[in-house]
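Below are the chains, spelled out letter by letter.
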Amino acid sequence: CVSEEALKDVLDYFETKCAKSKAITTEAKQYIPGGVQHNLAFNYPFPICVTKAEGAFLYDLDGNKYYDFLQAGGPTILGSNYAPVREKVIELLNDCGPVTGLFHEGELLLAKEINKHMPNVEMFRMLGSGTESVMAAIRVARCATKAKRIIKVGGAYHGWSDQMVYGLKIPGSRFFLESHGIPHSCYGTTDEVRPNDLDMLEKMLKLNKIRGGTAAVIVEPVGPESGTRPLSKEFIKGAEALCHKYGALLIFDEVVTGFRIGLSGAQGYFGVDPDLTIFGKIVAGGYPGAGGIGGHRDVMAHLGAGLDSSGKKVKKAMCGGTMAATPLSCVAGYHTICEIERTNACEKAGLMGDRLIEGIQKSIKKHNLPFVAFNQGSICHLDTVGTMHFAINWSKPWE
C-alpha cells in the first residue's frame, strides 16, 4: 500500500496545482453521471480537465504539462493532434464537411489500405466503435455458420454489448462481476474458456456440437484485457486449428493490436488467418468513428446486399449507423495508417515501450516492490495490485 504520508503529498499536489480541474469536474457531477463522459477519466482524487493535446504531451486547465502515456486509450500512436493528419482533416472539413450520409472516396481508400497490410481482410466495413464491430461480427458468424454459440477467452474485453459482458477481467467470473442491468438470458449462447487452455477449448467445441454448434471463437490475440493475461503462440495457432476442425469462425479482436504491434496486426505477428477481424481505436486515427469489421470475402458477403461475390443469395446480417464511415473518420484513418507506415511508428513505439518497461522494472527491483511490469511492443503493463492473482475453480463451467 501507499503510505499515508506519501499519499498526502500526492493529494496536496492535486489540491494546489489542479484547483481549476477540481472545480470544473465537481460542477460537472451535477450534470454528468460521475462528472465525466469517458471511463478512462474516472480518476482519483478527481479528473484532470485537459485543454490541449500535442505530440507526447497533455496540458490541463491549470496550465500543468504532462507526459501522455495514455494515448487516449490507444489510438494516438503518432502522437496527439498529429499535424499531417490534422491538415488532411481540415482540408476535408472545408470541402465536404464531416458527414454526408452518402459514399465518399475515403471509404475505398481506407479499405484498400487495410487490405494492403492485412491481406486476410479482403473486405472491410467501417462502423462507429469496437463494441458495434463485435456485435456485427457475431451476427455475421451466425449467418455464415448457421450456429449460435460464441466462445470467448475468460478475462477478455470485447465491448459492452449484453452478450459480451461475460467473464470480464477474471477468467471464470462469468456474469458475476459487471452484469448489472443485463438479463442472464442474454448469456444463453455465450461460453467462456480458460486462457491458454486448448484442451478446455476443444471440450467446449465438442459440447457445443450437441448444443447446435459454435458460430465463432473470439480472441484478443495478445491476451485478455489488452494482454494483461498474455496468450501463447501455441494457443493462438491451436485455436485456429480447432476452429477449422469444428467448423467455427475465428474472430480476432484487433481493437488494441491493429496497426500497433505492427502494420499487419497480431494476425501478421502470429501468422494466423482469422475469418473476421475487429478494428477500433487507430482505424480512425483518434478521430470519432473508430471501429470496423473485416474478413474473408465469402463471410463479409453477409454485410452486403444479400448476395455473395458469385451472385448467390445469402442471409443479410443487420448492421448500420448514421455516423458509421463518415468522410471524417475514413479520411483520418486512411492518412493515419499511411503515416504509421511512412514513419515506422509501430517499431519506434515498441522500442519506447521496451525502454519504459526496462526502467520501471529496475525501479521495482531497486525498491523491492511486489509489482509486475511487462510489455508487448508499445502495449505496456504495470500491475500493482493482487487482482490478477485471483483464480476461480472451473470444475464444470458449462453447467
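This text gives an overview of the structure that appears in the document.

Quick notes on the rules
Residues numbered from 1 in each chain as written. Predicted model: local features only at pLDDT ≥ 70, side-chain atom pairs only at ≥ 80, totals over all residues. Heavy atoms only, no water. Axes fitted to C-alpha atoms, helices over the stretch in contact; angles between N-to-C directions. Helix = DSSP H or I, 4+ residues; strand = E, 2+ residues; numbered from the N terminus. Parallel < 35°, antiparallel > 145°, perpendicular 65-115°, else oblique. Left-handed = near helix turned anticlockwise from the far one by under 90°. Contact = heavy atoms within 4.5 Å. Buried < 20%, exposed > 50% of the residue type's maximum accessible area, 1.4 Å probe, protein only. Pairing = 2+ DSSP bridges. Right-handed = clockwise from strand over helix to strand, strands pointing away. Arc of directions from axis to C-beta.

Two numbers describe how helix α3 (residues 83–95) lies on helix α11 (residues 327–343): the axes approach to 9 Å, and their chain directions differ by 155°. Relative to α11, the element α3 is oriented roughly antiparallel. In this structure, α3 meets α11 at a crossing whose hand is right-handed. Across the interface between the two elements, P84, V85, K88, V89 and L92 of α3 pack against P327, L328, V331, A332, H335, T336 and E339 of α11.

Attention shifts here to the pairing of strand β9 (residues 276–280). Summarising burial for β9: 5 of the 5 residues are buried, a large majority. Residues of β9 alternate between two faces, with L276, I278 and G280 on one and T277 and F279 on the opposite face, all of them buried. Here 3 bridges tie strand β8 (residues 249–253) to β9, and the two strands are oriented parallel to one another. Residue pairing across strands places I251 opposite L276, the latter belonging to β9. Crossover connection from β8 via helix α9 (residues 265–270) to parallel β9: handedness right-handed.

Among the residues of helix α2 (residues 19–28), S21, T25 and A28 are the ones counted as buried. Taken end-on, α2 shows its buried residues confined to a sector of 45°, consistent with a single buried face. As for α2, its buried residues are in contact with β2 (57–60).

In this section: the packing of helix α4 (residues 105–117) against α11. Across the interface, α4 lies against α11 with an axial gap of 8 Å and an inter-helix angle of 35°. The two elements α4 and α11 meet at a crossing, and its hand is left-handed. Within the contact between the two elements, α4 uses G106, E107, L109, L110, E113, I114, K116 and H117 and α11 uses C330, V331, G333, Y334, I337, C338 and E341.

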